[in-house]
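Spelled out, the chains give:
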Amino acid sequence: MPYFGICVLFLTVIEGGKREEKDMFEKVNAIVELVNGKVWGWGMIVLLFGTHIFLTIRTGFIQKASITKGIKLSVTKDEGAEGEVSQFGALTTALASTIGTGNIIGVGTAVAMGGPGAVLWCWLTGVFGIATKYAESLIAVKYRVKTKDGRMQGGAMYALERGLNMRWLGVIFAVLAGFASFGIGCATQVNAIATVCQENLGIPPWIVGIVIAVLTAVVIFGGIKSIANVCEKLVPFMAIFYVLGCLIILGINYDFIIPAIVTICKLAFTPGAAAGGLVGGGLRLAIQYGVARGLFSNESGMGSAPIAAAAAQTRNPVRQALVSSTGTFWDTVVVCLMTGLVLVTTIMKNPAINADEIANGGVLTSMAFAQIPYIGPVILVVGIISFAFSTVLGWAYYGERCVEYFAGKKGLVPYRVLYVVVAAIAPVVSLNLVWLIADTLNALMAIPNLIAVLLLSPIVVKETKKYINNLDAVDDTPVPVVETGHGQRKAKG
């Protein structure tokens, strides 16, 4: 009996510890939710969307040039121009990080939480966001620097320092972006890969974590050229594969495409319900989740993609800015729209799916794709794995550049090791909490970047007028050489 009593006491203590751990987790989750709600309030939405519209007007609707000229330039090599990688390599590295789970699971989350109308706001964020991506990429190239060993460094931190003499704000951006890379770039992506592998292939999450961690380590320790080489091959394949799959599904659901578009447009502004349990929560929820998912997906205004743009071989800032802006077009205007239409048409066509009872975007997306025999699950599995892994690689580069800015080159190896460790343990972390933290960091790092873009908008306009009709012109302004990647403070020449 004494042994039995001891066992009961031991089990009681363990159970009590589990309850305390659960209570602590719930408290942390509640705090993060509160902060996220404040950060992603109307202030951020107005700042972000307002910047998109302001820059669209200031640049004379640069979206037209982005689509007509930028796409052609993206596959054109700038032989002899300064830079580490080709324009296409810089674009695919940026696309690798932007085309991720936000295009699949993120859109599902937007539909589940904000209703079908969120798809329209997500799409509009992409259309107008092209101008912001153009502007932030332009100033990234304009104010980039070169290290003594020949590596190009650029981004919002250098624009803030060299263009506005606000190094302190550049450091804040770099720190926020460095931390954000572990969330948006690593944990959420690996967690999504582990979930889809476990549900569809029966592979334990811990095995997925180890495999992704090893593959990530092999690539990122090779630097930007290694990452760009992988992305140049992976991104076109995964994007074409996914878009073709979505087109096939839309072909199957052709009779619900028009009703889906009508529903999306209607529920983007007013509350209401549609077939399949689709419920619109009204203007506020549609905008909140649509804009948040749009930013998470295309990263326009966040300041991440310009870090890759700064490494590109380009004759002048406008050329690369046009190329970089096409990333938002492909990511949100095409891929996110495809996903949104696939989800809404499939849910409307299949009454077995009740969207009103599903709060998790990943589950909603899986159920929608599962309605299509054979093709659906394959598209989802391959899409999530390739999209997510490419994002892990792209954001590793962003994080490295930010860490090097505020910590110097000595911070690179510790950062890479920690990044790989996060990839290994991500599958066992709560996905909802990780998404909330990532969302919060995205908004916080966007603030200093938007300050840089808005205050330097006269430079953006000036450079655009100078080169937009003469894209072959060479900007012969010398690129400053820095000793440690700390910007103008230690620049030479």
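Right above here is the structure, for reference.
None of these values were measured; they are calculated from a predicted model. (Residues numbered from 1 in each chain as written. Predicted model: local features only at pLDDT ≥ 70, side-chain atom pairs only at ≥ 80, totals over all residues. Heavy atoms only, no water.)

1. Details of a nonpolar patch on the surface
Step number 1: A grouping of Phe221, Val413, Val417, Leu418, Val421, Ile425, Val428 and Val429 is seen on the molecular surface, where their side chains present a nonpolar patch of about 680 Å² in accessible area.
Step number 2: Tracing the sequence through the fold places Val417 in helix H17 (residues 412-425). (Patch = residues over 30% accessible without salt bridge, like charges linked within 9 Å, V, L, I, M, F, W, Y side chains within 5 Å. Areas by Shrake-Rupley, 256 points an atom, 1.4 Å probe, with all protein chains shown as cover. Salt bridge = Lys/Arg side-chain N within 4 Å of Asp/Glu carboxyl O. Helix = DSSP H or I, 4+ residues; strand = E, 2+ residues; numbered from the N terminus.)

2. Considering the pattern of salt bridges
Step number 1: Counted according to the given criterion, the structure contains eleven salt bridges.
Step number 2: A salt bridge links Glu161 to Arg167; the nearest nitrogen and oxygen atoms lie 3.5 Å apart. As far as the burial class goes, Glu161 and Arg167 line up, both buried.
Step number 3: A salt bridge links Arg401 to Glu404, with the nearest nitrogen and oxygen atoms 2.7 Å apart. Remark: Glu404 and Arg401 occur in helix H16 (residues 375-407); sequence separation between them is three residues, near one turn of the helix.
Step number 4: Exposure remark for Arg401: the relative accessible area of 6% places this residue in the buried category.
Step number 5: The exposure class of Glu404 is buried, given its relative accessible area of 1%.
Step number 6: One continuous salt-bridge network, built from bridges that share partners, spans Asp149, Arg151, Glu400, Arg401, Glu404, Lys409 and Arg416. (Buried < 20%, exposed > 50% of the residue type's maximum accessible area, 1.4 Å probe, protein only.)

3. Describing the packing of helix H6 (residues 118-142) against helix H14 (residues 317-349)
Step number 1: Following both chains from N to C, one finds H6 and H14 inclined at 160°, their axes separated by 7 Å at the closest point. By the angle class used here, H6 and H14 are roughly antiparallel. When the axes of H6 and H14 are compared, the crossing they make is right-handed.
Step number 2: Among the residues making up the contact of H6 with H14, the classes are represented as 16 nonpolar, nine polar and two charged. (Axes fitted to C-alpha atoms, helices over the stretch in contact; angles between N-to-C directions. Parallel < 35°, antiparallel > 145°, perpendicular 65-115°, else oblique. Left-handed = near helix turned anticlockwise from the far one by under 90°. Nonpolar A, V, L, I, M, F, W, Y, C, P; charged D, E, K, R; others polar.)

4. Some thoughts on the nonpolar core
Step number 1: In this structure, Trp40, Ile139, Leu322 and Tyr419 are the most contacted members of the largest nonpolar core, which totals 142 residues.
Step number 2: It is H16 that contributes the most residues to this core, 17 residues altogether.
Step number 3: Look past the residues within four positions of Ile139 in its chain and what remains in contact with it is Ala159, Ala452, Val453, Leu456 and Val460. (Core = buried A, V, L, I, M, F, W, Y, C linked by side-chain atoms within 4.5 Å. Contact = heavy atoms within 4.5 Å.)

5. Let's talk about the packing of helix H2 (residues 42-58) against helix H19 (residues 457-467)
Step number 1: Taken N-terminus to C-terminus, the directions of H2 and H19 make an angle of 35°; their axes are 10 Å apart at the nearest point. Seen along the crossing, H2 lies across H19 with a hand that is right-handed. Within the contact between the two elements, H2 uses Phe54, Leu55 and Arg58 and H19 uses Ser457, Pro458 and Val461.
Step number 2: In the contact of H2 with H19, the residues fall into four nonpolar, one polar and one charged.

6. Looking at H16
Step number 1: With 33 residues, H16 extends 47 Å from end C-alpha to end C-alpha; this agrees with the ideal 48 Å at 1.5 Å per step.
Step number 2: With 27 of 33 residues buried, H16 lies mostly within the body of the structure.
Step number 3: Looking one or two places after H16, you find Gly408, whose phi comes out positive at around 85°. (Expected span 1.5 Å × (residues − 1).)

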